[in-house]
Amino acid sequence: MFVHDRHREIVDRLARRPRWTVTQLQREMRVSRSTLRRDLLELEERGDVVRVHGGVVHRDFLQGEPTFDRRGKQGVAAKRAIGAAAAAIVADNASVYLDAGTTSLEVGRRLLLRPDVKLFTHSLRLAADAASSDAPASVVLVGGEVRKVSQAVVGALTLDWLKQLRFDVAFVAASGVTAEGVSTTELSEAGVKQAIADRAAKVVLVADAAKWDAPAAVRFAAWRRFDTWVVDAAVPRAARAAAEAAGVKVIVAKEG
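Residues numbered from 1 in each chain as written. Predicted model: local features only at pLDDT ≥ 70, side-chain atom pairs only at ≥ 80, totals over all residues. Heavy atoms only, no water.

Regarding the environment of Leu126
Part 1 of the argument: Among the secondary structure elements, Leu126 is positioned in helix 7 (residues 124–131).
Part 2 of the argument: On the basis of relative accessible area, Leu126 is assigned to the buried category, the value being 1%.
Part 3 of the argument: When the C-alpha atoms of Leu126 and Gln151 are compared, they prove to be 9.5 Å apart, with 25 residues separating the residues in sequence.
Part 4 of the argument: Every residue in contact with Leu126, bar those within four places of it in the chain, is listed here: Leu98, Leu105, Gly108, Arg109, Leu112 and Thr121. (Helix = DSSP H or I, 4+ residues; strand = E, 2+ residues; numbered from the N terminus. Buried < 20%, exposed > 50% of the residue type's maximum accessible area, 1.4 Å probe, protein only. Contact = heavy atoms within 4.5 Å.)

Digging into the packing of helix 1 (residues 3–16) against helix 2 (residues 22–29)
Part 1 of the argument: Where helix 1 contacts helix 2, the two axes come as close as 12 Å, and the packing angle between them is 125°. Compared by their axis directions, helix 1 and helix 2 come out oblique. Remark: the crossing between helix 1 and helix 2 carries right-handed chirality. When helix 1 is examined against helix 2, the residues Arg6, Glu9, Ile10 and Arg13 are found in contact with a partner set consisting of Leu25, Glu28 and Met29.
Part 2 of the argument: Within the contact of helix 1 with helix 2, the residues separate by chemical class into 3 nonpolar, no polar and 4 charged. (Axes fitted to C-alpha atoms, helices over the stretch in contact; angles between N-to-C directions. Parallel < 35°, antiparallel > 145°, perpendicular 65-115°, else oblique. Left-handed = near helix turned anticlockwise from the far one by under 90°. Nonpolar A, V, L, I, M, F, W, Y, C, P; charged D, E, K, R; others polar.)

Here's the deal with unusual backbone geometry
For residues other than glycine, phi is negative in most cases, and the peptide bonds are mostly trans.
Part 1 of the argument: The residue Arg30 is not glycine, and still its phi comes out positive at about 60°.
Part 2 of the argument: With respect to the helices and strands, Arg30 occurs in the loop between helix 2 and helix 3 (33–46).
Part 3 of the argument: The class of Arg30 is exposed, set by a relative accessible area of 77%.
Part 4 of the argument: Of note in the backbone geometry, Asn93 takes a positive phi value of approximately 60° without being a glycine.
Part 5 of the argument: Among the secondary structure elements, Asn93 is positioned in the loop between helix 5 (76–87) and strand 4 (95–98).

Observations concerning the pattern of salt bridges
Part 1 of the argument: Taken as a whole and assessed by the stated rule, the structure comprises 17 salt bridges.
Part 2 of the argument: Glu9 serves as the salt-bridge partner of Arg13, at 3.0 Å between the closest nitrogen and oxygen. Taken together, the residues span about one helical turn, with Arg13 and Glu9 both in helix 1 at a distance of 4 residues. Each member of the pair, Arg13 as well as Glu9, carries the same accessibility label: buried.
Part 3 of the argument: Among the ionic pairs, Asp208 bridges to Lys211, the shortest N-O distance being 3.4 Å. There is no split in this pair, since Asp208 and Lys211 are both buried.
Part 4 of the argument: Where salt bridges share partners, they join Glu106, Arg109, Arg110 and Asp129 into one cluster. (Salt bridge = Lys/Arg side-chain N within 4 Å of Asp/Glu carboxyl O.)

As structure tokens, this is what we get:
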């Protein structure tokens with residue numbers, strides 16, 4: 001592989017998953033450690049990446065939490081496949097909670113087309129989709145404080161709303177997934193996710209494989225908290241094993 005091809009592949013990988021260790025990149029790209037380090041040094045000098053201890057991050061990663069729109073552009077095909085597979089497991093006449101992540105939005109967009117389900121969410125984007133379409137599903141937007149970066153409502157009022165509700169199934173998104181459990185970027189988001197899981201008879205994690213081994217700041221649940229994980233076909237063997245060891249059913253969504 002030529003130098004410019006390796007550089008493009010590294011940048012493309014970081015666009016899909018913003019943080020990699022040197023070991024992970026070396027294994028995926030099948031190049032020597034010295035070659036990879038030279039490539040990363042050149043990319044850093046160009047301003048395309050930022051080298052950190054033991055790895056490398058996308059240049060945007062250190063600019064704070066990525067916006068909803070920026071996250072929505074990452075792994076689009078995988079998220080749509082997960083959305084379709086997750087929506088398909090919802091039973092007739094179910095009450096469904098949808099988290100405010102970009103992947104759960106794909107689940108919600110499909111469920112909006114079903115007149116038999118009742119949807120609850122704190123996602124402003126899903127509520128906007130419902131309000132601007134003729135979709136037949138019934139939608140309840142939970143109240144709270146608007147958090148612009150995630151296009152969600154959060155806070156004490158949201159938690160109070162959730163105490164009054166029960167759901168047949170809840171779809172919960174995550175920013176990071178490891179063998180220890182799942183994580184998100186911010187405490188208020190973590191609190192809402194935990195409350196959602198507490199109010200649902202069945203809890204489904206919807207997170208693409210790029211989230212594996214890339215933990216976010218706040219872990220909000222161990223694997224045992226979930227009944228099912230819907231993930232795309234790129235899921236690593238270790239990730240699937242971690243989920244299944246905790247009794248979580250893994251559904252692999254096929255793109256297309």
